[in-house]
Amino acid sequence: MGLHKQLPDDLTEVDIIIAGGGTAGCIVAGRLAAADPNLSILVIEWGRDNHNDPLVVNPAFWKFLFPPAAKSSIFYMGNKAPQLANRIPIVPAGGLLGGGSSINVQMYTRAQRSDFDSWNTPGWSTQDLIPYLKKLETYHGPGSPLVHGYNGPVHISNGGFRSKNIMDDMLQAASSLGYPEIVDLQDLDSNNGYQRWLRNNSPEGKRQDTAHTYLHPLLQDGNHPNLHVLVEHKVFRVILDGENTAKGVEFIPNPDFITEIPAPAPGIPRKVTARKMVILSAGACGTPGILERSGVGNPEILTKAGVEKVRVDLPGVGHDYQDHHLTVATYKTCLGEEDTPDKLYAGIVTPEALIEQENPMTRWNTVDIAAKIRPTEEEVSALGEEFEKAWERDFKGNENKPMMLSAALAGLVNIPSTSVPEGRYLSIVNYTAYPYSRGYIHITSAGEEMTAPLDFNVGFFTDEKDLDIKKLVWAYKKTREVMRRTKLYRGEVAAGHPEFPAGSQAACLDLPVEMTLADHLHITQKQGLEMNGNGKMNGHAVHPVPNGDALNTVTEREPESILNLVYTKADDEAIEEWLRKTVNTTWHSLGTCKMAPREKKGVVDDKLNVYGTRALKVVDLSIVPENVGANTCNTAMMIGERGADIIAREVLGRELSFKGELV
């Protein structure tokens, strides 16, 4: 098998080197190797192998891959951010073979038609890309064969385990607020509704990461001896000759695994030569650094970092960093044990025990319901004049664009289980589809040890008019109203919500498991009428109830009896403070080597060539010029497929068919 932890001494030259074995890199390697087994390919991956790792292949255990001890992520430390309550943000990325597709939550989320069209790049319109979106998938869900594929490596399904209670309840609640159930929200055109979400999982409930679906089968079939994968090593820089043609790379061992590698010594790069091409696929946080250490980037930044020679003046490298801004609000529920993974997260049961029991919950990524949503015109107006101007310019005339993405994740996502009573929780995750804020990421030293900190400004909440924070204020309020109209709602977990002023009508509730919000409001309103006659109690305004209703009768009442919470200016300030203290990355980094004209700070052209170089391409999310209204894994997969086709035409002289072979 061509998977190595140390490169064989005799492997000094190959046809193609791929720097990064992440989501897109594995696809490029797998497609090219399958098309021509005689083509020698070397993938160099910073992280470990993921093959048959039970925490990877079983969808339920994604949360266990995040801690540093799991050695599955790369953690990029940002600069201290005054606008984020002086926090130092950390942006993780996939740090093992398969990259983000090996550790993410596996949500099958496609970009919108207007997203790809907004890239304004020949060969990259939505109509151009639909064949690649179809090619990558075997789709097991509802929808049209005009936009979905049925013969690809990545299976898209419900995974074989779902919580019907969560889905049905959330859909009913969302519908009561004007958001319909949309059967296929991933058809590129549908928008502004909720869906019973599908996953990058097989029908049998196995994660469909690109290492297992594109790469490992070829490494193990005995028919691809020229496909090599080196794990636990990182490409330091690209070797460019006098004409800036990529001739190979220098790489170093990952110090996290250095005890397992007898040689070479850490910090001493080793070289390998590429006869045909070098492809950078280290992600939006990794690829810019490789280019900058290679002498490609902004001359001022390169000189300051001590880069020996500036080879290409390309100021777009590391510029225009983008992400989706994420917040999590946590709710108490009356769900049953089979509806949340809280016992797993609390350590009451272990992954090993669930696997041994063949518990069907192992097939569950915990996300059954999610949405792409927009505000009403009235809600837009309430966000202020500047927001209205932005809405008119960027959203109103394009109903294809969601303003917010929202997902319901069963269980405690970002609150330690030890800090709350044992229970059944639901986390509502909101993330901004198209943030206005931008950041940057650059090296500060060209040293071979690669230990110097990055100059990394994540840029969250830096837009001039604070429009990004207003989007999330709206999303918090709106999705909280959806939750309040569910039958499963039993209040908010205070640690996962803003700290509202004393006496606020928006204050968090903590209801008994046996009491619905409608019942609570009925009882407290009755008490309020008896106490002060104003129909308000415990901070919640309610509809009048018929005279004669028994005060102590707790029955299931309709959500129509629930009115929206009323937020004061002080409440809004509390929400904004909470957002600044808690907003986080969605692990959706992109845009740092964007595909755009060079004069617009582009780094690559429409064929993914790095400007000013030869035989050097970038194939990862760093090329994305404008953000997408979706989780980014599907877009990364599409980029891998499109990139493989572009490279096959150049290197092999023929394009790949839409089954992956040469034609």
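These numbers were taken from a predicted model, which means no experiment stands behind them.

### Some remarks on the overall build of the protein chain
Here's step 1: Helix and strand counts for the protein chain stand at 16 helices and 26 strands.
Here's step 2: Here the C-alpha atoms of the protein chain give a radius of gyration of 26 Å, agreeing with the 26 Å that 2.2 N^0.38 yields for 663 residues.
Here's step 3: Taken along its principal axes, the extent of the C-alpha atoms in the protein chain is 90 × 55 × 50 Å.
Here's step 4: For the protein chain, with 663 residues in total, the buried portion stands at 60%.
Here's step 5: Of the contacts made within the protein chain by residues no fewer than 6 positions apart, 73% connect residues no fewer than 24 positions apart.
Here's step 6: Accessible surface for the protein chain amounts to roughly 24,800 Å². Of this, 51% is attributable to carbon and sulfur atoms.

### Here's the deal with the nonpolar core
Here's step 1: Of all hydrophobic cores here, the largest spans 92 residues; its most connected members are Trp124 and Met638.
Here's step 2: Apart from the residues lying within four places of it in its own chain, the contact partners of Trp124 are Phe116, Trp119, Leu129, Met595, Asp606, Leu608, Ile623, Met638, Ile639, Arg642 and Ile646.
Here's step 3: If you look at the next biggest cluster of nonpolar residues, it comprises 88 residues, including Ala81, Val91, Ile428 and Ala506.

### Here we look at empty space enclosed by the protein
Here's step 1: Per the stated rule, a full pass over the model turns up two cavities of 30 Å³ or more.
Here's step 2: A volume near 50 Å³ is recorded for the second largest cavity.
Here's step 3: Looking at the second largest cavity, the residues that line it are Met170, Tyr194, Ile369, Ala370, Ser406, Ala407, Ala408, Ile428, Thr479, Val482 and Met483.
Here's step 4: Broken down by secondary-structure element, the contributors of at least two residues to the lining of the second largest cavity are β17 (367-373), β18 (404-410) and α13 (467-484).
Here's step 5: Class assignment for the residues of the lining of the second largest cavity results in nine nonpolar, two polar and no charged.

### Some words on the layout of surface pockets
Here's step 1: Of the voids in this model, the second largest pocket is the one considered here, and its volume is about 910 Å³.
Here's step 2: Among the secondary structure elements, those contributing two or more residues to the lining of the second largest pocket are β4 (73-77), β11 (246-253), α7 (287-293) and β20 (439-442).
Here's step 3: For the lining of the second largest pocket, the class distribution of residues is 22 nonpolar, 13 polar and seven charged.

### Topic: the sheet that holds strand β15 (residues 319-321)
Here's step 1: An order of β15-β20-β21 is seen for the three strands of this open sheet, with the pairing classed as antiparallel. The open sheet has two edge strands, β15 and β21 (455-457), and neither has a second partner. Across the sheet, the mean angle from the axis of one strand to that of its neighbour is 40°, orientation sign disregarded.
Here's step 2: For β15 and β20, the ladder comprises two bridges, and the chain directions are antiparallel.

### Some details on a nonpolar patch on the surface
Here's step 1: A grouping of Phe75, Met77, Ile88 and Ile90 is seen on the molecular surface, where their side chains present a nonpolar patch of about 350 Å² in accessible area.
Here's step 2: For Ile88, the position within the fold is in the loop between β4 and β5 (90-94).
Here's step 3: Residue Ile88 is classed as partly exposed on the basis of its relative accessible area of 43%.

### Some details on the confidence of the model for the protein chain
A low pLDDT means the predicted coordinates there should not be read in detail.
Here's step 1: Of the residues in the protein chain, 92% reach a pLDDT of 70 or more, and the chain-wide mean stands at 92.
Here's step 2: Contacts from residues 529-555, a stretch scored under 50 in pLDDT, to residues over four places away or in other chains number 55 contacts.

### Remarks on the packing of helix α1 (residues 23-35) against helix α16 (residues 633-651)
Here's step 1: With their axes 8 Å apart at the nearest point, α1 and α16 run at an angle of 35° to one another. Where α1 crosses over α16, the handedness of that crossing is right-handed. Of α16, the residues touching α1 (which contributes Thr23, Ala24, Ile27, Val28, Arg31 and Leu32) are Cys633, Ala636, Met637, Gly640, Glu641, Ala644, Ile647 and Ala648.
Here's step 2: Its residues assigned to classes, the contact of α1 with α16 shows 10 nonpolar, two polar and two charged.

### Quick look at the environment of Asn52
Here's step 1: Its place among the elements puts Asn52 in the loop between β3 (41-44) and α2 (54-57).
Here's step 2: Classification of Asn52 by relative accessible area gives exposed; the value is 52%.
Here's step 3: Separated by 372 residues in the primary sequence, Asn52 and Arg424 have C-alpha atoms spaced 30 Å apart.
Here's step 4: In this view, Asn52 contacts Val57 and His212; residues no more than four positions away in its chain are not counted.

### A short note on helix α4 (residues 126-135)
Here's step 1: Inspection of α4 places Thr126, Leu129, Ile130, Tyr132, Leu133 and Lys135 among the buried residues, and these make up the whole buried set.
Here's step 2: Of the surrounding secondary structure, the elements contacted by the buried residues of α4 are α1, α3 (113-117), β6 (137-139) and α16.

### As for the packing of aromatic side chains
Aromatic ring pairs are reported here in terms of the distance separating the ring centres and the angle at which the planes meet.
Here's step 1: What the rule picks out here adds up to 15 aromatic pairs.
Here's step 2: The lysine or arginine in question, Lys71, covers the ring of Phe257, its NZ or CZ lying 5.1 Å from the ring centre.
Here's step 3: Over the ring of Trp124 we find Arg642; its NZ or CZ atom is 5.3 Å from the centre of that ring.

### Thoughts on unusual backbone geometry
Here's step 1: The residue Leu188 is not glycine, and still its phi comes out positive at about 80°.
Here's step 2: Considering the arrangement of structural elements, one finds Leu188 in the loop between α5 (164-176) and β8 (193-196).

### Regarding the side chain of Ser101
Here's step 1: Position of Ser101 relative to the elements: it lies in the loop between β5 and α3.
Here's step 2: The buried category is assigned to Ser101, whose relative accessible area is 2%.
Here's step 3: Within the structure, the side chain of Ser101 is placed 2.6 Å from the backbone oxygen of Gly98, a separation counted as a polar contact.
Here's step 4: Those residues in contact with Ser101 that sit more than four places away from it in its chain are Thr23, Arg207, Asp209, Thr210, Cys633 and Met637.

### Points about the pattern of salt bridges
Should their charged atoms come close, side chains of opposite charge can pair.
Here's step 1: Enumeration over the complete set of coordinates arrives at 36 salt bridges.
Here's step 2: Note that Glu250 is salt-bridged to Arg237, the shortest N-O span being 3.1 Å. Placement of Glu250 in strand β11 and of Arg237 in strand β10 (residues 233-240) is noted, with a sequence separation of 13 residues between them.
Here's step 3: You can call Glu250 buried: its relative accessible area is 7%.
Here's step 4: Since its relative accessible area comes to 24%, Arg237 is described here as partly exposed.

Analysis parameters
- Residues numbered from 1 in each chain as written.
- Predicted model: local features only at pLDDT ≥ 70, side-chain atom pairs only at ≥ 80, totals over all residues.
- Heavy atoms only, no water.
- Helix = DSSP H or I, 4+ residues; strand = E, 2+ residues; numbered from the N terminus.
- Rg over C-alpha atoms; globule rule 2.2 N^0.38 Å.
- Buried < 20%, exposed > 50% of the residue type's maximum accessible area, 1.4 Å probe, protein only.
- Contact = heavy atoms within 4.5 Å.
- Areas by Shrake-Rupley, 256 points an atom, 1.4 Å probe, with all protein chains shown as cover.
- Core = buried A, V, L, I, M, F, W, Y, C linked by side-chain atoms within 4.5 Å.
- 1 Å grid on protein atoms, 1.4 Å probe; cavity = no way out; pocket = protein on both sides within 12 Å on 5 of 7 lines; lining within 4 Å.
- Points joined across faces, edges and corners; volume = space filled by probe spheres on them.
- Nonpolar A, V, L, I, M, F, W, Y, C, P; charged D, E, K, R; others polar.
- Pairing = 2+ DSSP bridges.
- Axes fitted to C-alpha atoms, helices over the stretch in contact; angles between N-to-C directions.
- Patch = residues over 30% accessible without salt bridge, like charges linked within 9 Å, V, L, I, M, F, W, Y side chains within 5 Å.
- Salt bridge = Lys/Arg side-chain N within 4 Å of Asp/Glu carboxyl O.
- pLDDT = per-residue confidence, 0-100.
- Left-handed = near helix turned anticlockwise from the far one by under 90°.
- Phe/Tyr/Trp six-rings, centres within 6.5 Å; stacked < 30°, edge-to-face > 60°.
- Lys NZ or Arg CZ within 6 Å of the ring centre and 35° of its normal.
- Polar contact = N/O pair within 3.5 Å; in protein donor to acceptor, adjacent residues only side chain to side chain.

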